[in-house]
Amino acid sequence: MDRETRDEFNIVNSKIDKLMHLTEEKNVSIRNGNTEIKINDLPAFISLKDAIKLKGGSDSMATWRTNYAIQPAMGTNSVRIAGVRSWAKEIILEWLTITDEMLPAYAEKWGVPLPEKYKKYVKEK
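Keep in mind the model is a prediction, meaning the values are calculated, not measured.

## Looking at helix H2 (residues 48-55)
1) Next: Within the span of H2, buried status applies to Leu48, Ala51, Ile52 and Leu54. Looking down the long axis of H2, one finds its buried residues gathered within 160° of arc, a one-sided arrangement.

In structure tokens, the structure reads:
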């Protein structure tokens, strides 16, 4: 991973920290298409299905379930809530900002190797 990508990733993490701090004071919203979601209204843990809706991803759950590299926290740090695999709200908020170009840094953060098939989506710099 190059320095520029790592710097971009650190900037995103900083913005997430600031956003989480703001949400403690105000009910900040995020917009996904025509839907506005109040961050304080999000549950403490969010399922993969609901996270995909927030991110605006495709409806093909099979793709999301079988490819850890495109899941929150690269498929790690999940918990089971009523038998449903879920992630903490803070992890989901960070994941919502991750683009294809940021996958190598995101994978490194979570200690997961990035599969070869996703490396082609990362722009060469």
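Next comes the rest of the description.
## Structural notes on the nonpolar core
1) Next: Met74, Tyr106, Trp110 and Leu114 are the most contacted members of the largest nonpolar core, which totals 33 residues.
2) Next: When contributions to this core are tallied by element, the ones reaching two or more residues are helix H1 (3-25), H2, helix H3 (61-66), strand S5 (84-88), helix H4 (89-95) and helix H5 (103-109).
3) Next: Leave out the neighbours within four places in its chain, and Tyr106 touches Phe9, Gln71, Pro72, Ala73, Met74, Ile91, Glu94, Trp95 and Ile98.

## Comments concerning the pairing of S5
Two faces make up the sheet, and in a regular strand the side chains alternate between them.
1) Next: Strand direction decides the pairing type here: strand S3 (residues 45-47) and S5, joined by three bridges, are antiparallel. Its bridge partner being in S5, Phe45 is matched across the sheet by Ala88.
2) Next: In terms of strand pairing, strand S4 (residues 79-81) meets S5 through three bridges, oriented antiparallel. Paired with Ile81 across the strands is Val84, a residue of S5.
3) Next: The loop that links S4 with its antiparallel partner S5 comprises two residues; one of these, Ala82, has a positive phi angle of about 50°.

## What about the packing of aromatic side chains?
1) Next: Scanning the model with the defined rule gives two aromatic pairs in all.
2) Next: Ring geometry for Trp64 and Trp95: centres 5.9 Å apart, planes at 75°, overall edge-to-face. Of the two residues, Trp64 is situated in helix H3 and Trp95 in helix H4; the sequence distance between them amounts to 31 residues. The pair formed by Trp64 and Trp95 is uniform in burial state, with each residue classed as buried.

Cut-offs applied
Residues numbered from 1 in each chain as written. Predicted model: local features only at pLDDT ≥ 70, side-chain atom pairs only at ≥ 80, totals over all residues. Heavy atoms only, no water. Buried < 20%, exposed > 50% of the residue type's maximum accessible area, 1.4 Å probe, protein only. Helix = DSSP H or I, 4+ residues; strand = E, 2+ residues; numbered from the N terminus. Arc of directions from axis to C-beta. Core = buried A, V, L, I, M, F, W, Y, C linked by side-chain atoms within 4.5 Å. Contact = heavy atoms within 4.5 Å. Pairing = 2+ DSSP bridges. Phe/Tyr/Trp six-rings, centres within 6.5 Å; stacked < 30°, edge-to-face > 60°.

Nothing here speaks to function; it is all geometry.
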